[in-house]
Amino acid sequence: MTPVERARKYVRLIPGGLEGDGGYKNLFTTACILARDFNLAVKDALPILKEYNERCLPPWEERDLLENYNKALKYGKRDIGSKNSSVKAINKSRTENSALSMWTMSDFIKLNLPKPIWIVEGLFCLGGVSMIASKPKVGKSSLMLWMSLCISRGQDFLGRKCLKYKVIYLALEGNLGQLQCDLRNLSASEEDILIFHGSLKEKGFEAFSESVKQNSPCVVIVDTLGKALDVKDLNDYTEVYNALEPFVKLTRETNSLIIFTHHQNKGDSDSDNSILGSTALLASLDTYFALKKDRNNKRYFSTTQRYGDSVEDCLIQMSEDKSFSSAGDRTHVYQSEIEVRIMSTLKNTGPQSEPDLLTMVTGKTKTMKTALRVLEKQGKVSRTGTGKKNSPFIYEVPSKDISKGTSNG
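Residues numbered from 1 in each chain as written. Predicted model: local features only at pLDDT ≥ 70, side-chain atom pairs only at ≥ 80, totals over all residues. Heavy atoms only, no water.

A. The arrangement of the environment of A7 in detail. Among the secondary structure elements, A7 is positioned in helix α1 (residues 3-11). For the pair formed by A7 and L34, sequence separation is 27 residues and the distance between their alpha carbons is 6.7 Å. Among all residues touching A7, those that are not within four sequence positions of it are L34, F38, L40 and I48. (Helix = DSSP H or I, 4+ residues; strand = E, 2+ residues; numbered from the N terminus. Contact = heavy atoms within 4.5 Å.)

B. Inspection of the pairing of strand β4 (residues 167-171) at higher detail. Summarising burial for β4: five of the five residues are buried, a large majority. Burial along β4 is two-sided: the face carrying V167, Y169 and A171 and the face carrying I168 and L170 are both buried. Pairing analysis gives five bridges linking β4 to strand β5 (residues 193-197), with the strands arranged parallel. Considered in β5, the bridge of Y169 is made with I195. Remark: the β4/helix α8 (residues 176-185)/β5 crossover connection has right-handed handedness. (Buried < 20%, exposed > 50% of the residue type's maximum accessible area, 1.4 Å probe, protein only. Pairing = 2+ DSSP bridges. Right-handed = clockwise from strand over helix to strand, strands pointing away.)

C. The arrangement of the nonpolar core in detail. In terms of nonpolar packing, the biggest core is built from 39 residues, with V120, M147, I151, F157 and F289 touching the most fellow members. Elements with a minimum of two residues in this core: β1 (118-120), α7 (140-153), β4, α8, β6 (219-223), β7 (257-263), β8 (287-293) and β10 (314-318). Once residues lying within four places of it in the same chain are set aside, the contact partners of F157 are V120, L143, W146, M147, C150 and C162. (Core = buried A, V, L, I, M, F, W, Y, C linked by side-chain atoms within 4.5 Å.)

D. Structural view of the packing of aromatic side chains. On inspection of all chains with the given rule, the structure shows eleven aromatic pairs. For the pair F124 and F289, a centre-to-centre distance of 6.2 Å together with 25° between the ring planes defines the contact as stacked. Remark: F289 occurs in strand β8 and F124 occurs in strand β2 (residues 124-125); sequence separation between them is 165 residues. This pair shows no difference in class: F124 is buried, exactly as F289 is. Consider the rings of Y237 and Y241, whose centres lie 6.4 Å apart with planes at 10°: the pair is stacked. One end of the pair is Y237 and the other is Y241, both in helix α11 (residues 237-254) and four residues apart, which spans about a single turn. Its relative accessible area of 41% is what places Y237 among the partly exposed residues. (Phe/Tyr/Trp six-rings, centres within 6.5 Å; stacked < 30°, edge-to-face > 60°.)

None of this, on its own, says anything about what the molecule does.
What follows is the structure in structure tokens.
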């Protein structure tokens, strides 16, 4: 691999700069890497800077790219050609024993290894396998299609920033005509997405793997896992583990991200065990994204993550065109709805004891009690009684005269 090819591959791992969030510093650092670390001439460095610039929001003018390259040469403090020697040292170590690499601690600490790159802020990062799973007809395929467009466009997904990367979309099931309709409804046109359709069996995986290598690092969406893995029994740990290994290996070799769609078991369980198949699936994932629907047909998701903080019960909305947006924390939204029901009930029925009120308003008891305390604290309801057996809490909505008298007092 030539120095230019190594530099291009290295810079592809650098997230694009964001205005107001260190964007200029990131551009100058990237210019230093090309001009000094890889010791590239301007004719070789500028095309790579332009590729990097496509991931920046907003993009820089070409004169800014050239100016930063010249400043990197003049003011940069990095050693000339340091990345070339570092890459050679890493490759040499791997060549000596292709199955296992080894470094001393002092050598390992000095390596110029890329930091984890979050493709979708706080949810999915490069270099691993993740999954989005749900029960049938909840909308996981539509959600993944929308995420594919967001990543290829570099626009927010569910209120989270996305880095702009090439997407490879494997439509292994479903109707291609419907997929085309969905993409048209989402105003898709010239996004940087490759769409595959067919089977990964026989030479299919070889063609798919080669495409990932040629476009790496990239984001790969596989819809669905059941069609991608050549296994007879999804509950067989060893069989599933071995079937997943080529995908895991591919992400490590190319530093790409593969996200499978998959089904959950039937039933009401919200645990990670609700995933259909062996625990080998969950063990192989960096992020397990569980998409669910509650009894009011509201969609929400939670995650279990190897890296970063797991997410709990975030509501999302699907529009008519099958785009998605964040709708807030499910617990807070649910509590707000309970508060509205409590206020409506008290206005229509007058003062009520807490036990009676809990039977009149539908919802979880714990959430309703919390809602009552919040409403009382806000002065929207008043409470009397001690809360004991012969003196239950009594709630009512204060009249305008009482509210006015209270504020004047």
